Amino acid sequence: MRILLTGATGIVGTEVTARLRTIAPRGTDLVRVARRHAPNPLVRWDIGAAPVPTDLSGPWDVIVHTAASTRWTLSRAEAADANIRPLRAVLSLAGPDTHVVHVSTAYVGGIRTPEDLRGPEFEGYRNGYEWSKAVCEEIVTTEHPGPVTVIRPPLIMGSRADGRISRFSGPYTLFPALVSGLAAVVVGDPDGYAEISPLDEVADAIVAAALGPVPAAPHTETLAAGAASLRLSALVRISCDTLNAFRAAHGAGPIAVPPTVSTDSWNRFFLPLARQWLSPVQQQAVNLLAMFQSYTSMAEPFAPTRPVRDPGEVMASSVHHWARSRPRQALADPRPWTLVGA
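Only a predicted model underlies this, so the values are computations on that prediction, with no experimental measurement involved. Chains are numbered independently. Their residues run from 1 in the order of the written sequence. Confidence filtering applies because this is a predicted model: local features only for residues at pLDDT of at least 70, side-chain atom pairs given and counted only at 80 or more, and all residues used for totals across whole chains, interfaces and linings. The basis for every side-chain value is the complete set of heavy atoms in the structure, and neither hydrogens nor water enter the calculation.

A. How the structure looks around the overall build of the protein chain. Along the backbone of the protein chain there are 10 helices and 14 strands. Summary of the burial criterion: residues with accessible area below 20% of their type's maximum are buried, those above 50% are exposed, and those between are partly exposed, where the area comes from a 1.4 Å probe applied to protein chains only. When each of the 342 residues of the protein chain is scored for burial, the buried share is 51%. Intrachain contacts of the protein chain at a sequence separation of at least 6 include 81% that bridge at least 24 residues. Surface accessibility follows the Shrake-Rupley procedure with a 1.4 Å probe radius. Residue values consider only the protein chains on display as shielding. A total of about 15700 Å² of accessible surface is found on the protein chain, and carbon and sulfur atoms cover 55% of it. Only DSSP runs of H or I with at least four residues qualify as helices, and only runs of E with at least two residues qualify as strands; both kinds are numbered from the N terminus onward. Contacts are assigned to residue pairs that have any heavy atoms within 4.5 Å of one another.

B. Here's a closer look at the packing of helix H6 (residues 232-249) against helix H9 (residues 311-325). Throughout, an axis means a line fitted to C-alpha atoms (over the contacting stretch in the case of helices), and angles, computed between N-to-C directions, take values from 0 to 180 degrees. Here H6 crosses H9 at 40°, and the two axes come no closer than 9 Å. Overall, the two elements H6 and H9 adopt an arrangement that is oblique. Crossing handedness for the pair H6 and H9: right-handed. Two secondary-structure elements touch here, H6 through Leu235, Ile238, Ser239, Thr242, Leu243 and Phe246 and H9 through Gly312, Met315, Ala316, Val319, His320, Trp322, Ala323 and Arg324. The nonpolar class holds Ala, Val, Leu, Ile, Met, Phe, Trp, Tyr, Cys and Pro. Asp, Glu, Lys and Arg form the charged class, and all remaining residues, Gly among them, are polar. For the contact of H6 with H9, a count of residues per class yields nine nonpolar, four polar and one charged. Angular relationships are summarised with four words: roughly parallel below 35 degrees, roughly antiparallel beyond 145, roughly perpendicular across 65 to 115, and oblique for the angles in between. Take the far helix as your reference; a near helix turned counterclockwise from it by less than a right angle gives a left-handed crossing, and one turned clockwise gives a right-handed crossing.

C. Spatial organisation of the layout of surface pockets. Cavities and pockets are defined on a 1 Å grid built over the protein atoms alone: a cavity is a set of grid points where a 1.4 Å probe fits but cannot escape, while a pocket is an open set with protein on both sides within 12 Å along at least five of seven lines, and lining residues are those with an atom within 4 Å of any such point. Grid points are joined across faces, edges and corners, and a volume is the space filled by probe spheres set on the points. Taken as a whole, the largest pocket encloses approximately 1500 Å³ of empty space. Lining the largest pocket are 49 residues, with Ala68, Ser69, Thr70, Arg71 and Arg167 sitting closest to its centre. Among the secondary structure elements, those contributing two or more residues to the lining of the largest pocket are helix H1 (11-23), strand E2 (29-34), helix H2 (76-91), helix H3 (128-143), strand E7 (155-157) and helix H8 (280-293). Here the lining of the largest pocket is composed, by residue class, of 26 nonpolar, 14 polar and nine charged. Each domain span listed reflects an automatic or database assignment of domains. Residues from two domains meet in the lining of the largest pocket; each of domain 1 (2-152) and domain 2 (160-195 + 226-300 + 309-341) gives at least three.

D. Local environment of the pattern of salt bridges. Criterion for a salt bridge: a side-chain nitrogen of Lys or Arg within 4 Å of a carboxyl oxygen of Asp or Glu. Enumeration according to the criterion identifies 13 salt bridges in this entry. Across the salt bridge formed by Arg2 and Asp29, the nearest N and O atoms sit 3.1 Å from each other. Of this pair, Arg2 sits in strand E1 (residues 2-6) while Asp29 sits in strand E2, placing them 27 residues apart in sequence. The partner of Glu313 in a salt bridge is Arg160, and the shortest N-O contact between them spans 2.7 Å. Remark: Arg160 occurs in the loop between E7 and helix H4 (174-180) and Glu313 occurs in helix H9; sequence separation between them is 153 residues. Judged by relative accessible area, which is 7%, Arg160 ranks as buried.

E. Layout of the nonpolar core. We call a set of buried Ala, Val, Leu, Ile, Met, Phe, Trp, Tyr and Cys residues a nonpolar core when their side-chain atoms join them within 4.5 Å. Among the nonpolar cores identified, the biggest contains 63 residues, and Val16, Val64, Phe175, Ile206, Leu243, Met315 and Trp322 are the most heavily contacted of them. The two domains that each donate at least three residues to this core are domain 1 (2-152) and domain 2 (160-195 + 226-300 + 309-341). Not counting residues within four places of it along the chain, the set of residues in contact with Val16 comprises Leu5, Ala203, Ile206 and Val207. Membership of the second largest hydrophobic core comes to 29 residues, among which are Leu4, Trp45, Val90 and Ala94.

F. How the structure looks around H3. Any helix carries an expected span of 1.5 Å times its number of residues minus one. Given a rise of 1.5 Å per residue, 16 residues ought to cover 22 Å, and the 22 Å separating the end C-alpha atoms of H3 matches this to within 8%. Taken together, the buried positions of H3 are occupied by Gly128, Tyr129, Glu130, Trp131, Ser132, Lys133, Ala134, Cys136, Glu137, Ile139 and Val140. Residues of H3 that are buried sit in contact with H2, strand E5 (99-103) and strand E6 (148-152). N-capping of H3 is provided by Asn127, with a side-chain oxygen placed 3.2 Å from the backbone N of Tyr129. Pairing of N or O atoms within 3.5 Å defines a polar contact, subject to two protein rules: one partner must be a possible hydrogen donor and the other a possible acceptor, and residues neighboring in sequence count only if both atoms are side-chain atoms.

G. Looking closely at the side chain of Ser132. By the secondary structure assignment, Ser132 is in helix H3. For Ser132, a relative accessible area of 0% puts it in the buried group. Polar contacts involving the side chain of Ser132 include one to the side chain of Asn83, which spans 3.0 Å. Leave out the neighbours within four places in its chain, and Ser132 touches Ala79, Asn83 and Ile84.

H. Main features of the side chain of Thr17. Turning to its location among the elements, Thr17 is positioned in helix H1. Among the polar contacts made by the side chain of Thr17, one reaches the main-chain carbonyl oxygen of Gly13 at a distance of 2.9 Å. Those residues in contact with Thr17 that lie beyond four places of it in its chain are Leu5, Ala8 and Arg32.

I. Representation of the sheet that holds E2 in the model. A pair of strands counts as paired when DSSP detects no fewer than two bridges linking them. Pairing within the open sheet is parallel, and its eight strands lie in the order E3-E2-E1-E4-E5-E6-E11-E14. Single-partner strands in this sheet number two, and they are strand E3 (43-44) and strand E14 (306-307). With four bridges connecting them, E6 and strand E11 (residues 219-224) associate as parallel partners. Paired with Thr149 across the strands is His219, a residue of E11. Strands in contact with helix H5 (residues 199-211) are E1, strand E4 (62-65), E5, E6, E11 and E14; relative to E5, the strand with the most contacts, it is inclined by about 165°.

J. Molecular detail of the packing of aromatic side chains. Any Phe, Tyr or Trp ring, taking Trp's six-membered ring, that has another such ring centre within 6.5 Å forms a pair; planes under 30 degrees apart are called stacked, those over 60 apart edge-to-face, and the others tilted. This model, assessed by the stated rule, comprises four aromatic pairs. Taken together, a centroid distance of 5.1 Å and an interplanar angle of 45° make the contact between Phe168 and Tyr172 tilted. The class of Phe168 is partly exposed, set by a relative accessible area of 22%. For Tyr172, a relative accessible area of 3% corresponds to the buried category. Note on Tyr172 and Phe175: the rings are 5.4 Å apart at their centroids and 85° apart in plane angle, and the pair reads as edge-to-face.

Shown next, in the form of structure tokens:
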């Protein structure tokens, strides 16, 4: 069996590599691709921007496409270059019998509120990342003549047992904001759903698709906790409780659980009044957390095909791993917001 894995040095690709090396059948030829900084035995390829390396000539039994830019600040053109163009380049390597396992995001099918929508640029999606992933799903399921499995994870946190993850991004911006005091309030619906999945279970789903039976028709797997998903208030409470347990064990005082303000009240009243008084650092924190808020206060949870059990355990493990890895940040003294010049 020949397997091509893109994004091999990314958060998901690293985990998938470890599993394939452990459980793939003897004789499996795993070829890993990375965009840059690819030491042997990885193949370096700037997918979609550079010619296909000769090392990647087929045929391939399975292509696992995890490479993507997950930035929520991508413009439409940037998202097309980062995610859509690379997918088309990868599909050019697939034969009619190649099983393509494409990693997408659960948020392409999520329910949005009016304040989440971003207008015609992203055709109703919240950002360029979501929009490009929706386009990619359409491309891979309609243009590839062979078998396709789409894997849809929600926000990816660390592994369930120990919170391990290779890089802190996305939802991890919440933790230093809580400790530093930059998250003066949490914006969203406290009873809204916050869907997360541990990294190891995302990798399990991808590997199961790659090594399992080939689907007769395009198949989608959604990882989520569904009705058992965390609510926003629980996510914040678990994060603060875990941080405070770590701080207490190291002699630092507790941080306060920030109050929750509805999205409508924040955007209509609080933010317009506060912006003129915020420092550049506070402005940046507000903008980052604004992109995060709609992902943690959804009106409805996802309908999972692979249920995530006890997401609170996942959240606590992830926060604890972040604190162990970033002790200076985790143990810092909070600095509440003050007016510029005050």
